Amino acid sequence: MWLYFLKRLGLAVAVVAIVIAALFAMIHAIPGDPARVALGPRASEELVAAFRERIGLDQPILVQMGNFYVSLLRGDLGRDAVSGEPVLRILLSQLPDTLYLVLGSILVAVVPGVFLGTLAARHRGSLIDRVTSVISVSVMSIPAFVIAIYLLLIFSIELQWFPAIGAGEGVLDRLHRLVLPSLALGLAWIGYVARILRASILEEMNEPHVRTARAFGLSENRIMYDYVLRIAILPTITVLGIGVGHMLSGAVFAEIVFARPGIGKLVFDAIISRNYPVVTGAVLLTTIFFVLVNLLADLVIAWLDPRVRHDLAG
Amino acid sequence: MTKTDTMAHGMNRRAFLGRGATLGALAGFGALPSGVLAQTSAENGILTARIYADISNLDPAFWTSAVDALVMRSIYAPALEHETGTEEFRTRPHAFESYEVLDDTRIAFNIRPDMGYSDGYGTMTAKDAKFSFERIADPELDSPYIDDWAALDHVEVTGELSGIIHLKKPFAPLFTTTLPGISGVILPQAAIEAAGGRFSTQPPCFSGPYRIREWTPKTRLTLERNPAWTLDAPEFDEIHLVPIEDPKTAELGFEAGDLDFTETGVSSIMRYKDGAPQGADFKRFEGLNYYWLGINEDNWQLEDQRLRRAIQLAVDRQAVVDAAYLGGATPAAGIVAPGLPGARDVNLYERDLDQARTLLEEAGHGGGFPITISIQQTAENLAAAQVIQANLAEIGIQVQINQYESGTFWSLGVRSEGEQWRDLQLFLMRFSMQPDPSWATMWFTPEQVGIWNWQGFDNAEFGKLHVDAQSELDSARRDEMYVRMQDLMEESGDFVFLNFTPVGALYSQDIVPALRPDGEPVYYEFTRAKG
């Protein structure tokens, strides 16, 4: 198990290094200059040149990348090209709101998704199955930004139940303001979770150990929750691990539409202003987060599935 | 801030669902109906307003955006300030109690007594004015705003609160944009030195009606009353400034009651003009920012002035502006907004397709030719570009629209960025502006070719006029000079002036906003509505 963990960790480091290298190549391949943004339109060419030299933009890309890796080993992600603030401090100030949003979205996806998936599988071919199927496909097919606008119009403006913008202060206010963005981001995933779980449950129901359990006279509820769901949930966990990546990407639109702070909007703004240190730092952070979440998903699967545990031990 | 009572929701389920669906569908087409939604108020002494971006630098010598300037107007005291609620730009003393123009190059001033600084830096003196003005003028500092004080020789301190500004030559923008602008902000030398000579987002002290209580990047900037401010106390205890880039999001936030004031998107101006939401008011302003079609005369295909003139003659300004601003703006006759010295009444070249075709024939392009128009990705730009595409198709010119995100777009004509400027042909641009015509013309001088002057417009007479007009104190003569400069721009064939960007201000009826003639808010002057 530990060897498996160390292998995965090594793979994660390689992924992060490759992502950063690709990012450096990409952001330097596109035109644009952070100096103009940082100094304003009235800055002279001499000022712009001095600024570029000061933040190292006059160096070859490979040198810049090397400098970044060296700084990274010291725990230094550099400074914001515009404000001069340490990038790490900026990222840490924005990260919690993005994490709350992603966690809220996962909650939105998992709770109804598992319920609907289980319900549909248990009533396979019935009206309930067809209705849940329609619901699942419907929420998957509506674009998230359309859902976001409808949620805002109905629940913020029309009913005034939820605030339209901002992340709030204090636990209750934050939770209150998290509801609509989480719904907007997580709603489509209800469908994915429900469909995948339904298929997994139906497949698992035909496994010999389930037939054996039935032969022993165990109740359907016990078979479902103690034997079937435990295994059938595994593909859903894998998909959710990948889904976190999608949700991190989707956070950009949710943070813009709901005017929330967060990593997504930070990266978007930084790309527009060619604020390379912030872009690089933010992508590094989200890559690490994504890799760790997937590692965690694999470990959870290993913990839940004795067959996987056995394979790893072997 | 809490919400006031909302409108009664006595509708049944079917009516509600129907209306929600209608609202959503309309929102999808950018046509959300107004006049149906409850509005909230500025309560508990807090004013909540939108800023279109976060602050980036609050040093008067190094600020970078209009948002920085907007915030600085409330936390610092410049020598003069622009009045609010007026039709035309007027200034009045602010940190200066009075000033007297002794002659063309000497201005005597008196600082208000008891203008306090926060953080124990005492009160404002004439020495502080000398330090602050000369600091920006100092080439050693490398301030991008050095030109605001380019004419400054020195500031003579004649007393604790009095001094004389000595100029090397007359400088007309001194009273229109330098002293009432951020370059007119006065701060104590000790505070700046304590900050290491310059600072960014953490000012070492405040001299205005408010000070920064808390800044959470990308989330909120909270201003609170500055205890050191001894003049009339501002009405609101706190001002919460929320960075919201997207104007549509801000409009939704306003209609949900989360904001007391917001600038609207230009495409929403006509909708709100027809009816603001219940409990809200809306005002439209003619902004100063100017929008034009640029034509790169250094592009190999556009070197012949006849071709550029044909393009000028083919563009239907009214149709372009109607498409881009949905009827919310009127065509412009230059880059200097009405009300400022040098504003033109008419363009030299109006739409004339026959003449345009003749010119194309003469230039050997009777059958037309393909060309590109480069735009920044916005709905307004795309609509404008599509109309221009249709206009030019009428004379046989096939236009391809190239859309770019802002970072790439703003590098297209910069010659130090590579060779891509050579391929630039037509482009739509909008520049921001301050209430002095020199701010409009400064970008089109020969020195600016390849920096902000992407047209390659290289006219020595224009460059000389720009310099001379800054020293011209006779307003009639100055007016003529700026008119002439815009004539030169248009005669070159490099410009099609489109419009001045309108500004929409949407605000709760519970507040009285203080807005400059261009719609720019001055937050510290906002008050509650009486009754």
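Residues numbered from 1 in each chain as written. Chains lettered and ligands numbered in written order. Predicted model: local features only at pLDDT ≥ 70, side-chain atom pairs only at ≥ 80, totals over all residues. Heavy atoms only, no water.

- Within an unreviewed UniProt entry, the label attached to chain B reads ABC transporter substrate-binding protein, and the organism entered is Limimaricola litoreus.
- Turning to chain B, the UniProt annotation filed under Sequence similarities (unreviewed entry) states: "Belongs to the bacterial solute-binding protein 5 family."
- Of chain B, the UniProt comment under Subcellular location (unreviewed entry) reads exactly: "Periplasm". (UniProt positions renumbered as here; feature names shortened; annotations may be inferred.)

- Chain A carries the name ABC transporter permease in an unreviewed UniProt entry, which gives Limimaricola litoreus as its organism.
- Heading Subcellular location (unreviewed entry) of the UniProt record for chain A holds this comment: "Cell membrane".
- The record in UniProt for chain A states the following under Sequence similarities (unreviewed entry): "Belongs to the binding-protein-dependent transport system permease family."

Some words on the environment of Glu88 of chain B
Residues and elements named next belong to chain B.
- Mapped onto the elements, Glu88 comes out in the loop between strand 2 (80–82) and strand 3 (91–93).
- Residue classification places Glu88 among the partly exposed residues on the basis of a relative accessible area of 49%.
- The spacing of Glu88 and Pro338 is 250 residues in sequence and 9.4 Å in space, taken between C-alpha atoms.
- The contact partners of Glu88, leaving out residues within four places of it in the chain, are Gly339 and Pro517. (Helix = DSSP H or I, 4+ residues; strand = E, 2+ residues; numbered from the N terminus. Buried < 20%, exposed > 50% of the residue type's maximum accessible area, 1.4 Å probe, protein only. Contact = heavy atoms within 4.5 Å.)

Section: the sheet that holds strand 5 (residues 106–111) of chain B
All names here are of chain B.
- Strand order in the open sheet formed by four strands is 4-5-7-6, and the pairing between neighbours is antiparallel. Strand pairing shows two members of the sheet lacking a second neighbour, strand 4 (96–103) and strand 6 (152–157), which therefore form its edges. Strand after strand, the sheet turns through a mean of 20° between neighbouring axes, direction not considered.
- As defined by bridge partners, strand 5 adjoins strand 7 (residues 162–167) across five bridges and the pair is classed as antiparallel. Bridge assignment links Ile107 to a residue of strand 7, and that residue is Ile165. (Pairing = 2+ DSSP bridges. Axes fitted to C-alpha atoms, helices over the stretch in contact; angles between N-to-C directions.)

Considering the environment of Val293 of chain A
All names here are of chain A.
- Relative to the assigned elements, Val293 resides in helix 12 (residues 276–304).
- Under the relative-accessibility criterion, Val293 is labelled buried at 18%.
- Residues Val293 and Leu57, spaced 236 residues apart in sequence, show a C-alpha to C-alpha distance of 33 Å.
- Excluding residues that lie within four positions of it along the chain, Val293 makes contacts with Gly241 and Val244.

A look at the interface of chain A and chain B
- Of the residues lining the interface, 43 residues belong to chain A; the matching set on chain B comes to 52 residues.
- Both sides of the chain A and chain B interface together cover about 4100 Å² of buried area, and 59% of this is carbon and sulfur.
- The largest share of the area that chain A buries against chain B comes from Arg42, Glu158 and Gln160 of chain A, three residues that together contribute 21% of it.
- Summed over the shared surface of chain A and chain B, the number is four salt bridges.
- Across the salt bridge formed by Arg220 of chain B and Glu169 of chain A, the nearest N and O atoms sit 2.4 Å from each other.
- Broken down by element, the side of chain A that touches chain B gets its largest block of residues, eight residues, from helix 7 (residues 144–158) of chain A.
- Split into classes, the residues belonging to the side of chain A that touches chain B amount to 26 nonpolar, six polar and eleven charged. (Buried area = accessible area lost by both parts, 1.4 Å probe. Salt bridge = Lys/Arg side-chain N within 4 Å of Asp/Glu carboxyl O. Nonpolar A, V, L, I, M, F, W, Y, C, P; charged D, E, K, R; others polar.)

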